[in-house]
Structure formats: structure tokens, C-alpha cells
Amino acid sequence: MRYSVPVKNKRRVLCVFPHYTPAFGTFNHAYRLMKGVRAFMPPQGLLLIAAYMPEAWPVRFVDENIRKATAAEFEWADVVVVSGMHVQAPQIHSITERAHAAGKVVMLGGPSASASPEMYPDIDYLHIGEMGDATDQIIALLDESAARPPAQVRFETKERLPLQQFPIPAYDLIPLKSYLMLTLQFSSGCPYLCEFCDIPNLYGRQPRLKTAAQVTAELDAMRKQKGHPPVVYFVDDNFIGNRKATKDMLPHLVAWQKQHGYPLQFACEATLNIAKQPEILALMREASFLGLFVGIETPEADALKAMRKDQNNAVPMMASIKTLNDYGLEVTSGIILGLDTDSDDTEGRLKDFIDVSQIPMLTINLLQALPKTPLWDRLAKTSRIADDPTLESNVRFLRPYDEVVSMWRRCIAHANDPERLFSRFAHQVDATYVNRMIPPARGKLNWSNLSGALVLAFRVVVHIGILSDYRKPFWRAARHAMRRGQIDAVLGMGFIAHHLIQFTREALRGEQNASYYSTKARTPQTQEFAPLRKSA
């Protein structure tokens, strides 16, 4: 569906997505090992807005994670449309400054503008909330005039466009081959009220849904581009926010995979209590889901209760992880340090959890308070929100700041020590990878996939297996995987571990932030290949 009201004027629309701050979960070091990969995921929300624009309006799209928008592109545009998260605020302001220098009107929407419009006094039109009546109002206003207004104008969505009426995101406007993985949205919203999360306030507690036909149509649209990545990540806030809807959709996804010879693999994020849904897990396995991001946050039960994440306490944590592994799902865990409940034992318990759970990849962040969350409200009442760009977090911790940051450094060093990391990957070979369904090969037998695999294999062997100082633990894990016929696992563990190790070393040198949401300025890393030998 596009904007349905006839427009009187032609407006050239330039959508610009700001650059991301590197993080444990964005795999930026892995791109250099892969053929043509320049960025993590396509910006789903802004692509949706691009697709919704009036059909008569020409639209161009620039993702600045791939390249910067040029002066000629700003000159071409009548309207510049931007979206992003809080962590991208500096880049959003930079795009706005460049657009204004070219005399162009700027419209900003997305999660950051919706949660904290006061952060963007320089924007001409602020779109607060999801796509809906506010979107239509802004388009109608731009149709009347593309001139910059004398003062900022804000539009807030009162009636959201149902997900069933969402257009297919404008995948045709971006080079999908430049991304590590593709993205797809099935639902929006989450029923839980975790203290640190802004999803319920932004998108609601009652998940809204697309139809199965929409999901498969989007997959068809992605496959029209040659060289697209073979993995699709469901960006839903919680894949099982509506368990019945997920269970009803998955058979259609299985049927689509069978029809096309299993050309794609999937990943998603969900709450840990998905382990109590064997029917869903069996369908996910049959649909070729390989990975699952779980916000475990902490192994400490009292901390989970304090952050209102009792759903993680409702299931035995280690048994749940094993259940997910039994269905071939490799778990990625989100971990938070700097909680009010942290104690002298927290570091030891987290290290024990890392070792016992055998989860290979953990995104360990310092607590950050986001606007529109219960955490923000609670801390603001006691003056515990810090506005200091030199700090790693905007939270005034109960424990000494330097002690919390030091604990974070020791924990990431423990988790991503090459010996421990590759040992956990070797464990996954037997605990997880062997439990995956083996799909027919015909869906993936094309030159793009083969050439991409050859390039990745060559670079993994050269840069990790030969040149790196962690080649010995890599080859031990690789031999273990190859003896069990898990060739794909060798490449996967190679590029993931390379990123985790390199990012950790940069973080320990003070070159990366301790929270994905931190806006602390760092010196950009621009090397073609990060140094593979250990730095002092």
C-alpha cells in the first residue's frame, strides 16, 4: 500500500539512514572477511517509509553505513527523510546540517524522534509515532510546499496504519548484497514490561501482526536481487509476543522454503520462555531457523525480578538453553552490567554462567537508561541520570563508576578470550549444529552463494588460520567441526569469533564504548583489516 490520496506536485525524496556506532552485535570486523559486505542489516523502518511515498514521487535511498550521501544527491532532493535510534543522534544532526546547507527541508521519524523529540530542535518536520495519520499529514503538507517551515512542526500518530496494510519495504532501492543479513518484520510490540525497555511505550504491549502472505511476499521481493545474503533476521521485538500467531505463520514459512528449495536461513529474537513451546521450536527447526537472540540480561534471579523480567525466572535457565540447542538454535545472549542489584559476586556469577552455558556470543553492555522507560522514570526521580559525554553510561551506578567499568572489561576479556571462545564454539558443534535439519542444496546452489563462500573460506584461512595469534584454538575447533561434517560451522565460527576478539581488544584499549547505546565519542577505526596479532 502507498499513500492513497492524489498528489498535485512532484517531490523528489531522498531517504538517508545514519551510520551506526560499532558494537559487539553489529559484526563490523566480520565484513572485511566477506565478499562485498559493507553493513549489518537493511534499515527496515526507513525502507518502509520509502515504499509508502506517493507513486508519482521519485525516491532515492542512501544508507550511510555503506556510503555517505553526496552533495549532488542533496541538491537533487526536494525533501530529505531520516530515521534512527538515540545512538545515531550525532549522525542524524550531521545529515540535517548537510541537507539544510543545501536548502532542503528535513523530516525525521523513527524510535529516537518518537521517544525524545526534544533532542532534535534542528529538524523541520518531526514524525512522532509509527506510520499512520501523521505520515499522511506530512506528505500532504509537503505536497503543498517543499519549503522549510519558519519553525519546527510536529506530527504525532493517533491512528496507526495496520501492519496488514504495510507496503513491502523498498528493497529495490538498496544493494542487498552489501549487507551481512536481511531483515523482515512479522509483528510489532511486546507484552512484557522489562524496566529498561522502551518497546511497550513506543509500540504497545499487544503485538500487531502481518499476514503469512505478507511475509512470503517480502521474501520473494528480497530474492529478486542477485547476490542477496542467505540469512534473514526477524526484527520483531519478541518473535513469540503472540504465540498463536507465530505458530500459525510458521507452517506457511516452511511451505515457502520447501517450494523454493530452502534458499534462506532465519534468525530472530525472543524471550527465554520460548523453550516452553515445543511446537513452535519444531516448526522453527523445519523452517531452517539457526539462531536466536535471547535477552538473558543476568543469571541472577533477584536482579531479573528487580528489572521486571520474571519471565526468565519462570523457566530453568540452563535447561532452557539446552532445549533451544536441541532444536538446532544457537543462542546469542544479551547481558547487562551496572544494575542496582550488582554485588561483589556478580562478576564471578557471570563468568560461571558464560562457562557453563557454553553460549558462544554474548553482547555484554553497561546499563543505559532510555527515555520512555520505567528505568528512566525511576532514575530521573532520584537525579541518577547523568548527562556527561565522557562517561560510558548515562546511569549513575550505585557501585563506583570505575569499578563497574573495570568489571565490564574483565567480563568481556573472559568471554572473548580466544581459547574460551573457540572452546564454546566447539561445544556447539555437538550440542547444536548436529541437531539442525539438513535442507536440500538446490535452493542455495548459485554462483553468488558459491563465490561468497569461497571468498569467506579463503579470508578465514589466511587472516585467522594463518596470520592471527589465535590460529591454534581456531584450528582445534575447526578440526572438531570438520570431523563431524560441519564445514559451514568452521566459516561461521571464524568470522564471528574474529569480530568478537577484535572488538574486545579495541574495547580494552578504550577504543569502543561499553554500551551499544552510549554516545561517547571514539576515534573511528578505518583499517582495511584490524590487526590480528595481539596488542600489548
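Everything here concerns the structure above.
Residues numbered from 1 in each chain as written. Predicted model: local features only at pLDDT ≥ 70, side-chain atom pairs only at ≥ 80, totals over all residues. Heavy atoms only, no water.

Observations concerning the packing of aromatic side chains
Here the structure, examined in full by the defined rule, presents 15 aromatic pairs. Residues Phe234 and Phe289 carry aromatic rings whose centres are separated by 5.7 Å and whose planes lie at 25 degrees to one another, so their mutual orientation is stacked. Within this pair, whereas Phe234 is found in strand 10 (residues 231-234), its partner Phe289 is found in strand 12 (residues 289-297), the two being separated by 55 residues in sequence. The exposure classification of Phe234 matches that of Phe289, with both residues buried. With centroids separated by 5.8 Å and ring planes inclined at 70 degrees, the aromatic side chains of Phe422 and Phe474 adopt a geometry described as edge-to-face. Placement of Phe422 in helix 15 (residues 418-431) and of Phe474 in helix 17 (residues 471-483) is noted, with a sequence separation of 52 residues between them. (Phe/Tyr/Trp six-rings, centres within 6.5 Å; stacked < 30°, edge-to-face > 60°. Helix = DSSP H or I, 4+ residues; strand = E, 2+ residues; numbered from the N terminus. Buried < 20%, exposed > 50% of the residue type's maximum accessible area, 1.4 Å probe, protein only.)

So, a nonpolar patch on the surface
Together, Leu445, Trp447 and Leu450 make up a nonpolar patch on the protein surface, roughly 390 Å² of accessible area in all. Mapped onto the secondary structure, Trp447 falls in helix 16 (residues 447-466). Taking the relative accessible area as the measure of exposure, Trp447 reaches 65% and is therefore exposed. (Patch = residues over 30% accessible without salt bridge, like charges linked within 9 Å, V, L, I, M, F, W, Y side chains within 5 Å. Areas by Shrake-Rupley, 256 points an atom, 1.4 Å probe, with all protein chains shown as cover. Salt bridge = Lys/Arg side-chain N within 4 Å of Asp/Glu carboxyl O.)

Observations regarding the sheet that holds strand 13 (residues 330-337)
The strands making up a sheet associate through backbone hydrogen bonding, with each pair oriented either parallel or antiparallel. As summarised here, the arrangement of the six strands in space is 7-10-11-12-13-14, forming an open sheet in which the pairing is parallel. Both edges of this open sheet fall to strand 7 (182-184) and strand 14 (361-366), since each of them pairs with a single strand only. With direction set aside, neighbouring strand axes in the sheet form an average angle of 20 degrees. Pairing between strand 7 and strand 10: three bridges, direction parallel. Note on strand 10: the bridge partner recorded for Leu184 is Phe234. (Pairing = 2+ DSSP bridges. Axes fitted to C-alpha atoms, helices over the stretch in contact; angles between N-to-C directions.)

With respect to the pairing of strand 13
When you tally the buried positions in strand 13, you get eight out of eight residues, the bulk of the element. Neither face of strand 13 is open: one carries Glu330, Thr332, Gly334 and Ile336, the other Val331, Ser333, Ile335 and Leu337, and all of them are buried. Note: strand 12 against strand 13, five bridges, orientation parallel. Across the sheet, residue Leu292 finds its bridge partner in strand 13, namely Val331. Where strand 13 lies against strand 14, six bridges are found, and the strand directions are parallel. Within the sheet, the bridge partner assigned to Ile336 lies in strand 14 and is Asn365. Following the chain from strand 13 across helix 12 (residues 346-357) to the adjacent parallel strand 14, one finds a crossover that is right-handed. (Right-handed = clockwise from strand over helix to strand, strands pointing away.)

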